[in-house]
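Below are the chains, spelled out letter by letter.
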There are 2 protein chains.
Amino acid sequence: MTSDSRLSWREVRDRIHEQILTGRYGPGDRLPRDADIAEDLSCARSTVQRAMQDLSDSGLVERRRKGGTRVRAEPVTRATLDIPITRREVEQSGARYGYQLIRRRMAPAPRGVVAAFGLGAPRPMLRVEALHLSDGRPYIFEDRWICPETSPEVQNLDFTGQSANEWLVLNKPYSRLDLRFYAISANTRLADLLEAEPGAALLVIERTTWIEDAPITTVKAITTPGYQLLTGT
Amino acid sequence: MTSDSRLSWREVRDRIHEQILTGRYGPGDRLPRDADIAEDLSCARSTVQRAMQDLSDSGLVERRRKGGTRVRAEPVTRATLDIPITRREVEQSGARYGYQLIRRRMAPAPRGVVAAFGLGAPRPMLRVEALHLSDGRPYIFEDRWICPETSPEVQNLDFTGQSANEWLVLNKPYSRLDLRFYAISANTRLADLLEAEPGAALLVIERTTWIEDAPITTVKAITTPGYQLLTGT
DNA sequence: TGACAAAATATGTACCTACATATTACCGTT
DNA sequence: AACGGTAATATGTAGGTACATATTTTGTCA
């Protein structure tokens, strides 16, 4: 970072970013070669490469071998989402976390679950329904299916003390993740569980994880009315 | 990637990732120093550094100078979201894109908008309401506020042909972005516009952008019932 | 014992070199 | 003009060296 002599890759990145912001380069425009930029700024090509890689990761520019670097013609809004363990999310908001197991039983997986996993045939799986509480009030209801073939240990866990959310995230790292967000209306059961009005609009966060090709779990996290999912800071 | 002789940073990354997956290293555990891993795998430390950086970016591992590298004690689910221009999103689904301006006028920004921008005092802004269509049917209703101080050009644009979404994304790159997702119930006006049942649950994608500290725009993209936002592939 | 300074140490960055790889561009042939 | 093969070229990656930087650990002195 040597603010004096040498240029850091962040400085190079910011300088190029700024040239895009100010319109020096617009959507679709081609930027100079890394080597030329390096000479211009009198730094190493590897420094420019690092800067460009970062701009590319953030979706601002596109790089192709031999094709060079150009500002994305059709920009995308790209953001990183962090979804912590629910307990942590509650505690970080300054509230007291509570947890309550609603139901735990084996059952044949419904078609939606089988489809989420991309499996051929339906099969029995472990269904765990539980409620996360914030300061004693309902916060998130989770409706989860766990594949017992992939995680045989779950047969011996009752999930009364520790949530499946927490156990899985600590003990079952995944190699693939699918996320989807959508809205549903609270039916009478959900309204009852979440202490919400029937028909209230609820944000649902659906997560499915695999380890290699083996399905681990799929969960619908059904939030209480007013819940917001944020990115960034 | 020379699958034969040398080890690529991706291979190094995957090998370490696998050791975490298989439980060789669990949450909170400290990994060997980069230099030792490099020696083990007989590759350069810079290659290990690259691999570790990637694992760190993906949230699996935490690195601290002198502290070393350790598996995150409280893992987070981290994912990258790409939100394209609405026109592109529709076209990519194979449907015909349509656009319809509903209203465009200057108005004092309501408190919610002022708060989203982190401004002190309310001020007049340009409000643009428009409907995006997919195969002639409502797809997303966007309710947008644009700051005319930051983008004076908008005074001369009528947004009848090109959507504000598209114009802004092509002409107003941002340096900061805030995203939030939540669910609302359709009121009668929204139900009418989106051809949905009154009270239907709708996913809202709210986006606010700045260039440096200057607010550009804030928009609520109100989706039609059944809309799902996906990550990854 | 406690506070503070100094040494030790693991990661972060910058530079340079040498190839690898993916594409585009060019040119000759038909 | 269309096709196809080859050369040219910009980015991607690996290796290696030398420092920079941030912490933790250790050590010293009051």
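About the criteria used
- Residues numbered from 1 in each chain as written.
- Chains lettered and ligands numbered in written order.
- Predicted model: local features only at pLDDT ≥ 70, side-chain atom pairs only at ≥ 80, totals over all residues.
- Heavy atoms only, no water.
- Least-squares fit on C-alpha atoms with pLDDT ≥ 70 in both.
- Contact = heavy atoms within 4.5 Å.
- Helix = DSSP H or I, 4+ residues; strand = E, 2+ residues; numbered from the N terminus.
- Near = heavy atom within 4 Å.
- Polar contact = N/O pair within 3.5 Å; in protein donor to acceptor, adjacent residues only side chain to side chain.
- Pairing = 2+ DSSP bridges.
- Salt bridge = Lys/Arg side-chain N within 4 Å of Asp/Glu carboxyl O.
- Patch = residues over 30% accessible without salt bridge, like charges linked within 9 Å, V, L, I, M, F, W, Y side chains within 5 Å.
- Areas by Shrake-Rupley, 256 points an atom, 1.4 Å probe, with all protein chains shown as cover.
- Lys, Arg positive; Asp, Glu negative; His and termini not counted.
- Charge placed at Lys NZ, Arg CZ, Asp CG, Glu CD.
- Buried < 20%, exposed > 50% of the residue type's maximum accessible area, 1.4 Å probe, protein only.
- Axes fitted to C-alpha atoms, helices over the stretch in contact; angles between N-to-C directions.
- Parallel < 35°, antiparallel > 145°, perpendicular 65-115°, else oblique.
- Left-handed = near helix turned anticlockwise from the far one by under 90°.
- Domains from an automatic or database assignment.
- Phe/Tyr/Trp six-rings, centres within 6.5 Å; stacked < 30°, edge-to-face > 60°.
- Lys NZ or Arg CZ within 6 Å of the ring centre and 35° of its normal.

(A) How the structure looks around the relation of the copies chain B and chain A. Mapping chain B onto chain A is achieved by rotating through 180 degrees and translating by 0.0 Å along the same axis, at an RMSD of 0.1 Å. Both chain copies can therefore be described as sitting about a two-fold axis. When the interface residues of chain B are mapped onto chain A, 100% of them are again interface residues, pointing to one common binding face.

(B) Spatial organisation of the environment of Asp54 of chain B. Residue and element names in this part refer to chain B. Tracing the backbone through its elements, the reader meets Asp54 in helix H3 (residues 45-57). A sequence separation of 45 residues divides Asp54 from Trp9, and the C-alpha atoms of the two residues are 9.2 Å apart. Ignoring sequence-local partners within four residues, the contact set of Asp54 consists of Trp9 and Arg13.

(C) Local environment of the protein's contact with DNA strand D. Not every one of the 26 residues close to DNA strand D is listed here, only the nearest: Arg63 and Arg65 of chain A together with Ser8, Trp9 and Thr47 of chain B. Sugar and phosphate atoms constitute 73% of the interface atoms of DNA strand D, taking the interface as everything within 4 Å of the protein. Interatomic distance of 3.3 Å between a backbone N/O atom of Ser8 of chain B and a phosphate oxygen of DNA strand D. Looking at the surface near DNA strand D, the elements with two or more residues in it are helix H3 (45-57), strand E1 (61-64) and strand E2 (68-71) of chain A together with helix H1 (9-21) and H3 of chain B.

(D) Representation of the sheet that holds strand E5 (residues 124-134) of chain A in the model. Within the open sheet, the seven strands sit side by side as E4(A)-E5(A)-E6(A)-E9(A)-E8(A)-E7(A)-E10(B). Their pairing is antiparallel. Looking along the sheet, the strands with just one partner apiece sit at the ends: strand E4 (97-108) of chain A together with strand E10 (229-230) of chain B. Direction of pairing for strand E7 (residues 176-185) of chain A relative to E10 of chain B: antiparallel, over a ladder of two bridges. Bridging from a neighbouring strand, Arg180 of chain A pairs with Leu230 of chain B of E10 of chain B.

(E) Structural view of the interface of chain B and chain A. The interface is formed by 48 residues belonging to chain B together with 49 residues belonging to chain A. Our count for the chain B to chain A interface comes out at six salt bridges. Among the salt bridges present, the one from Arg87 of chain A reaches Glu74 of chain B, with a minimum N-O distance of 3.2 Å. For the pair chain B and chain A, the number of links is 17 residue pairs in polar contact (both at pLDDT 80 or more). For the side of chain B that touches chain A, the element with the highest residue contribution is strand E7 (residues 176-185) of chain B, accounting for nine residues.

(F) Geometry of a positive patch on the surface. Among the surface-exposed residues, Arg10 and Arg50 of chain A together with Arg10 and Arg50 of chain B lie close enough to one another that they form a single positively charged patch. Using a relative accessible area of 34% as the deciding quantity, one classes Arg50 of chain B as partly exposed.

(G) Fine view of the protein's contact with DNA strand C. Not every one of the 27 residues close to DNA strand C is listed here, only the nearest: Ser8 and Thr47 of chain A together with Arg45, Arg63 and Arg65 of chain B. Counting only atoms of DNA strand C within 4 Å of the protein, the fraction found in sugar and phosphate groups is 74%. Within the backbone of Ser8 of chain A, one N or O atom sits 3.2 Å away from a phosphate oxygen of DNA strand C. Among the secondary structure elements, those contributing two or more residues to the surface near DNA strand C are helix H1 (9-21) and H3 of chain A together with H3, strand E1 (61-64) and strand E2 (68-71) of chain B.

(H) Fine view of the packing of H1 of chain A against H3 of chain A. All names here are of chain A. Taken N-terminus to C-terminus, the directions of H1 and H3 make an angle of 55 degrees; their axes are 8 Å apart at the nearest point. Relative to H3, H1 is oriented oblique. The two elements H1 and H3 cross, and the hand of that crossing is right-handed. Residues Trp9, Val12, Arg13, Ile16 and His17 of H1 touch H3, and the partners they reach there are Thr47, Val48, Arg50, Ala51, Met52, Asp54 and Leu55.

(I) Geometry of the pairing of strand E9 (residues 214-223) of chain A. All names here are of chain A. Of all the ten residues making up E9, eight are buried; the element is thus mostly covered by neighbouring parts of the structure. Relative to E9, strand E6 (residues 137-146) is paired through seven bridges, and the arrangement is antiparallel. Note that in E9 the partner of Trp145 across the bridge is Thr218. Bridge analysis of strand E8 (residues 201-211) against E9 gives eight bridges, and the strand direction is antiparallel. Across the sheet, Trp210 pairs through a bridge with Pro215, a residue of E9. Taking the residues between adjacent antiparallel strands as the criterion, E8 and E9 are bridged by two residues, where Glu212 takes a positive phi near 55 degrees.

(J) Quick look at the domain arrangement of chain A. Annotation of chain A at the domain level lists domain 1 (9-71) and domain 2 (86-223). For domain 1 of chain A and domain 2 of chain A, the distance between their C-alpha centroids amounts to 43 Å.

(K) Expanded view of the packing of aromatic side chains. Going through the model one piece at a time under the given rule, you end up with seven aromatic pairs over all chains. An angle of 85 degrees between the planes, with centres 6.1 Å apart, marks the rings of Phe117 of chain A and Trp210 of chain A as edge-to-face. Taken together, the residues Phe117 of chain A in helix H5 (residues 111-117) and Trp210 of chain A in strand E8 connect sequence positions 93 residues apart. The buried category is assigned to Phe117 of chain A, whose relative accessible area is 5%. Over the aromatic face of Trp9 of chain B sits the side chain of Arg50 of chain B, whose NZ or CZ is 4.1 Å from the ring centroid.

(L) Representation of the side chain of Arg127 of chain B. Residues and elements named next belong to chain B. Along the chain, Arg127 turns up in strand E5 (residues 124-134). A distance of 2.9 Å separates polar atoms of two side chains, one belonging to Arg127 and the other to Asp143. When near neighbours in sequence (up to four residues on either side) are disregarded, Arg127 contacts Arg103, Arg104, Arg105, Asp143, Arg144 and Trp145.

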